[in-house]
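Inside the fold
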Amino acid sequence: MADNLICATSELPIILYVADMRETVAKMAQIHNASPSAAAAAGRTLTACTIIAAMQKYDEASITCTINCDGEIGRIITVANTVGHAKCEIQNPAATFRRNEQGKIDVAGIVGSGTLTVIKDVGLDKPYIGQTPLATGEIAEDFAYYFAKSEQVPTITALGVLVDANAKVAYAGGFVLMAMPGLEEEHIAALENKINQIPPVSEMFKSGHDCASIAELLIGNLGSFQIIKQLEPSYKCDCSKTRHEKGLIALGREELQEIIDEGKDIKTHCHFCNSEYEFSIEELGTLLGEA
């Protein structure tokens, strides 16, 4: 069953994004041979990045969300576009699997402190760059802090990845509920009360909920709502040999010449999908001419 992402609006000034990312996160974890802890941290980040990409009005927009931290996982880079294609790089996908005092995967333990950087490239002259310190290292709270501080939009953000008995990704997803200007305090209190009563988002998917029923659960009692956008997220890397050729050309003539002088074919590696591209000495010579 394909992943799903919806955007729903209400009679009230509320915008809600809900994403079921099970297949996308599972593929990410498989590609990187990620430990459950690394899969949880990266999966939460990838989900948030995909939701932010779905928020953009420009069709060609690309979102990059980077967690730079001092924890064992090191760095997480996620990229997503407006049609739901997403990819991820994990510096240390073998980060230690352990649980916290509540028995849940200890994401904060492998993330530690650091920064969250969000780059929005919407095709204009300069991309928008927002950066905030990590609030807790649990990822969801870190994105909520980013929304509040960098974009001045209060949100309720929930992200989750559930692994099965074989330490494989079984369920993954999340939601971002945005309170827009004009939302009254009583409605904010009602939303907060609702959030405190519902299970974790990954548990809701496990119990049979889909994106629409989670939306109904969250905002259905606040008036009628409608789904205004729907996507099918998927893990898709846009790397190619041509892209890697451009990367080699960008090294410059001097460095390319040094590689050629070694007299050996080389391979380049994509850190998002683990694809490799081989370049012969003859091909490198052609690239040298283009540099």
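Throughout what follows, the structure given in this document is the object of discussion. (Residues numbered from 1 in each chain as written. Predicted model: local features only at pLDDT ≥ 70, side-chain atom pairs only at ≥ 80, totals over all residues. Heavy atoms only, no water.)

1. Examining the sheet that holds strand β11 (residues 234-235)
Spatially, six strands are ordered β7-β6-β3-β4-β5-β11 in an open sheet, and the strand pairing comes out mixed. Single-partner strands in this sheet number two, and they are β7 (128-133) and β11. Of the strand pairs in this sheet, strand β5 (residues 85-90) and β11 are connected by two bridges, and their pairing is parallel. Bridge pairing in β11 places H85 opposite S234. Where helix α2 (residues 36-54) meets the sheet, it contacts β3 (62-69), β4 (75-81), β5, β6 (114-121) and β11, and its direction lies at approximately 30 degrees from that of β4. (Pairing = 2+ DSSP bridges. Helix = DSSP H or I, 4+ residues; strand = E, 2+ residues; numbered from the N terminus. Contact = heavy atoms within 4.5 Å. Axes fitted to C-alpha atoms, helices over the stretch in contact; angles between N-to-C directions.)

2. Here we look at the pattern of salt bridges
Within the structure shown, the criterion is met by eight salt bridges. The shortest N-O distance in the salt bridge between R44 and E138 comes to 3.0 Å. Of the two residues, R44 is situated in helix α2 and E138 in the loop between β7 and α4 (140-150); the sequence distance between them amounts to 94 residues. The network of salt bridges with common partners includes E72, R98 and D106. (Salt bridge = Lys/Arg side-chain N within 4 Å of Asp/Glu carboxyl O.)

3. Section: the pairing of β5
Counted residue by residue, β5 has five buried out of six residues, so it is predominantly covered. As paired strands, β4 and β5 are joined by five bridges and run antiparallel to one another. Across the sheet, the residue bridging to T78 is C88, located in β5. Two successive antiparallel strands, β4 and β5, enclose a turn made up of three residues, where G84 displays a positive phi of approximately 100 degrees. (Buried < 20%, exposed > 50% of the residue type's maximum accessible area, 1.4 Å probe, protein only.)

4. Here we look at the packing of aromatic side chains
Taken as a whole, this structure holds one aromatic pair when the rule is applied. Sitting above the plane of the F272 ring, K87 keeps its charged end 4.5 Å from the centroid. Taking NZ or CZ as reference, K241 lies 4.9 Å from the ring centre of F279, over its face. (Phe/Tyr/Trp six-rings, centres within 6.5 Å; stacked < 30°, edge-to-face > 60°. Lys NZ or Arg CZ within 6 Å of the ring centre and 35° of its normal.)

5. Points about the environment of N68
Tracing the backbone through its elements, the reader meets N68 in strand β3. Relative accessible area serves as the criterion here: at 36%, N68 is assigned to the partly exposed category. Separated by 49 residues in sequence, N68 and T117 place their C-alpha atoms 8.1 Å apart.

6. Comments concerning the pairing of strand β13 (residues 276-279)
Alternating residues of β13 divide into Y277 and F279, all buried, and E276 and E278, none buried. Looking at chain direction, strand β12 (residues 266-269) and β13 are connected through four bridges and run antiparallel. Considered in β13, the bridge of K267 is made with E278. As consecutive antiparallel partners, β12 and β13 are separated by six residues, and within that stretch N274 has a phi angle of approximately 65 degrees, a positive value.

7. Looking at unusual backbone geometry
Backbone geometry places I139, a non-glycine residue, at a positive phi of 80 degrees. Its identity is not glycine, yet Q152 carries a phi of approximately 55 degrees, on the positive side. Position of Q152 relative to the elements: it lies in the loop between α4 and β8 (155-163).

8. Quick look at the sheet that holds strand β2 (residues 14-20)
The strand order across the open sheet formed by five strands is β8-β9-β2-β1-β10, and the pairing between neighbours is antiparallel. Looking at which strands have only one partner, the edges of the open sheet turn out to be β8 and β10 (225-231). For this sheet, the mean angle separating the axes of adjacent strands, direction not counted, is 15 degrees. Summarising the sheet, β8 and strand β9 (residues 169-179) pair through nine bridges and their orientation is antiparallel. Bridge assignment links I156 to a residue of β9, and that residue is L177. Taken strand by strand, helix α5 (residues 185-197) contacts β2, β8 and β9, and its axis lies near 10 degrees from that of β8.

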